[in-house]
Amino acid sequence: MYSYNDFDKNFVRQRVNEFRGQVQRRIDGVLTEEEFKPLRLQNGLYMQVHSYMIRIAIPYGTLSSKQIRQLALIAEKYDKGYGHFTTRQNIQYNWIKLSDVADLLDDLAEVDMHAIQTSGNCIRNITSDHFAGAAADEIEDPRPTAELLRQWSTGHPEYAFLPRKFKIAVSGSPNDRAAIAFHDIGICVVKNNNGETGYKIYIGGGQGRTPRIGRMLSKFIPKKQLLNYLDSVMHVYNRFGRRDNIYKARIKILVDELGINETRRQIYEHYDSIKNEVRQPSTDIAKFITDEFSPPDFSNVKKHDLEKDFIGSLLFKNWAETNLTPHRDPNHVIVSISLKKPGATPGDASVKQMRVLADLAEQYAYDELCVSHEQNIILPHVPKQHVIKIYNKLNEVDLATSNIGMVSDIISCPGMDYCKLATARSIPIAKQIATRFSDLKTERDIGPLKIKISGCINACGHHHIGHIGILGLDRGGVENYQITLGGDGTEDAHIGERTGPGFSADKLIEAIEAIINVYLNNRKNRNETFLNYYRRVGLSPFKLAIYQNKLSK
Amino acid sequence: MKKILTANYLLSGKVIYLTSDKKWVENSEDAVVFNNQEDADNALAFTDTQINILQSAYLIDVLLTAKGVPKPKSNQELIRATGPTNYFHGKQTEKN
């Protein structure tokens, strides 16, 4: 894992001290709220529904046990005993006092963390594959690239005043688990015909009110040219990106307006003029970054037959079926820990739970965790012999839910319960659906199904890429929920199609049930997943089922 | 029209409401109700003198209960005045 050098440490500490002074000047009345607002946003501090909210960056989702333990301490000291893991692999706290913020940031700095660039029109936290470094299908660990981009984009003066926020994701596998097609820039590690490693680049993807699948900008950019290339993208965005209308300012709209060919031409015009400049770090520094992500030594782990642990423990076997993923080393597995116990708030973890996660990572999993954009926690490297011990411990703190990738593993934004932008609540909807379908037999019968819920058109809950997407709106003061079907955030990217008019909160559950029943009653066989069935038959049978009974209003 | 004035305390971030004697309270039911725009605008102008203790003051629409108690009209302001619906946190823990 990357640990801060003295430069990083000083940078973060100086920023905390600077912000401490700015907070004090606000408290003393020297700064008005109008003057202070851009300063607090640059440090991740929002005013939300009930209080201040702080958003903390977790670069590419990776955490050490020391870091998650500190996140638990922050939840205990400054919040109400829990934190909320977000769809951008960050963590948010909802009940923060301005008078505590500088101390909180100092506590974060102790463990090499901060809240810089988690808000505002800048390059935000770089996200990545939550199985990075562990996945069997990986060409290369994407995190050294993500870390390079973190260093390049942090505090970069050219990217401090972009037309709008800017999100970059990096995947190291052909199987995309980082939704790279739904980012302003999506980067995928690839090999060319000569066997050289480089990057495939997508541009102008995103969700929100104008969902777009990222358009292919380049099939192969050599590694040593990545920063020159991305700098050229940012140059064109800074130069031509619209600033007159907040809803038209993302780079996806620029690509829409220019067309991908003209966008590419503009980018290459700049790129050709700078490609002999040196933006990449020196070989030493590049090696240093890569070495920081060197995998643990897996060779000392003995072979272990997990099947033997299943004997006498059906619950453990059930959990293993959904929550374990093959690791690139045969004696290890990837463990996904669900933060989606039916009835609980998706993505929330209590102080106690975070501490258990820290202990488990430290004792059994090489001290490493990763937050997934699906709001779960991953232990990327777990020797098979330790899996049952981990499961038993997770069980003690309500973290042993066996539902990864299933109906009740729902992504949900905070919605109107916590977010000022929201037009409807999403958490209660997630809770209701998860509870309705959580019966193990029902859930297993339905099979893989991703439901994603957003409480407004900004789509933080990724509804556009849910197999079933739910968008909460306000209709004359009443919460109303639109349904989309067939969305997919993987390498086979699709934007979900809207079924039609929305549903009230109480009718929505019936509509979801009707949709699931259409699938269960008509699939070819159990191997045909919900998504495949939808792709085969389209919207019609679903529409018929949910509108014939006039569930919608 | 029926409006009340709300803001957040600068230091704690807590949601607050203006009373008839120009004090800030945490219970929306104790807020003063403005029946005309002029009174509402005057109250809003008063908050300019309060920048050291609060942030982002604004007026919200309310309905009156049979007993004349103001109740925020919008869903979001109701949640803001009561607390989130997923946990028993916030103002609902402080009310009787």
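Residues numbered from 1 in each chain as written. Chains lettered and ligands numbered in written order. Predicted model: local features only at pLDDT ≥ 70, side-chain atom pairs only at ≥ 80, totals over all residues.

### Details of the interface of chain B and chain A
What counts, and what does not: For every residue pair, C-beta atoms are placed from the backbone, and the pair is scored as a contact if these atoms sit within 7 Å. Under the scheme used here, helices are H or I runs from DSSP no shorter than 4 residues and strands are E runs no shorter than 2 residues, and both carry numbers assigned from the N terminus. The nonpolar class holds Ala, Val, Leu, Ile, Met, Phe, Trp, Tyr, Cys and Pro. Asp, Glu, Lys and Arg form the charged class, and all remaining residues, Gly among them, are polar.
With 22 residues of chain B at the interface, the matching set in chain A holds 23 residues. Elements with a minimum of two residues in the side of chain B that touches chain A: β4 (54-64) and α2 (75-82) of chain B. Element by element, the count of residues in the side of chain B that touches chain A is highest for α2 of chain B, at 4 residues. Counted by class, the side of chain B that touches chain A contains 6 nonpolar, 14 polar and 2 charged residues.

### Structural notes on the domain arrangement of chain A
Much of the literature gives interface size as the accessible area that the parts lose upon coming together. All names here are of chain A. To keep things clear, this is the line we draw: Where each domain begins and ends follows an automated or database-derived domain assignment.
Taken domain by domain, chain A holds domain 1 (6-110), domain 2 (142-290), domain 3 (306-396) and domain 4 (411-547). Between domain 2 and domain 4, the C-alpha centre-to-centre distance is 31 Å. Taken together, the 11 residues of domain 2 in the interface contact 11 residues of domain 4. The class makeup of the residues in the side of domain 2 that touches domain 4 is 6 nonpolar, 3 polar and 2 charged.

### With respect to unusual backbone geometry
Here is the rule we go by: Residues with at least 20 other C-beta atoms within 10 Å of their own are called buried, those with 12 or fewer are called exposed, and the rest are partly exposed. The C-beta atoms themselves are positioned from the backbone.
Its identity as a non-glycine residue notwithstanding, Ala459 of chain A has a phi of 65°, on the positive side. Looking at the element boundaries, Ala459 of chain A is found in the loop between β17 (451-454) and β18 (468-475). Of note in the backbone geometry, Lys22 of chain B takes a positive phi value of approximately 60° without being a glycine. Checked against the element boundaries, Lys22 of chain B lands in the loop between β2 (15-18) and β3 (24-25). Residue Lys22 of chain B is classed as partly exposed on the basis of its 13 C-beta neighbours within 10 Å.

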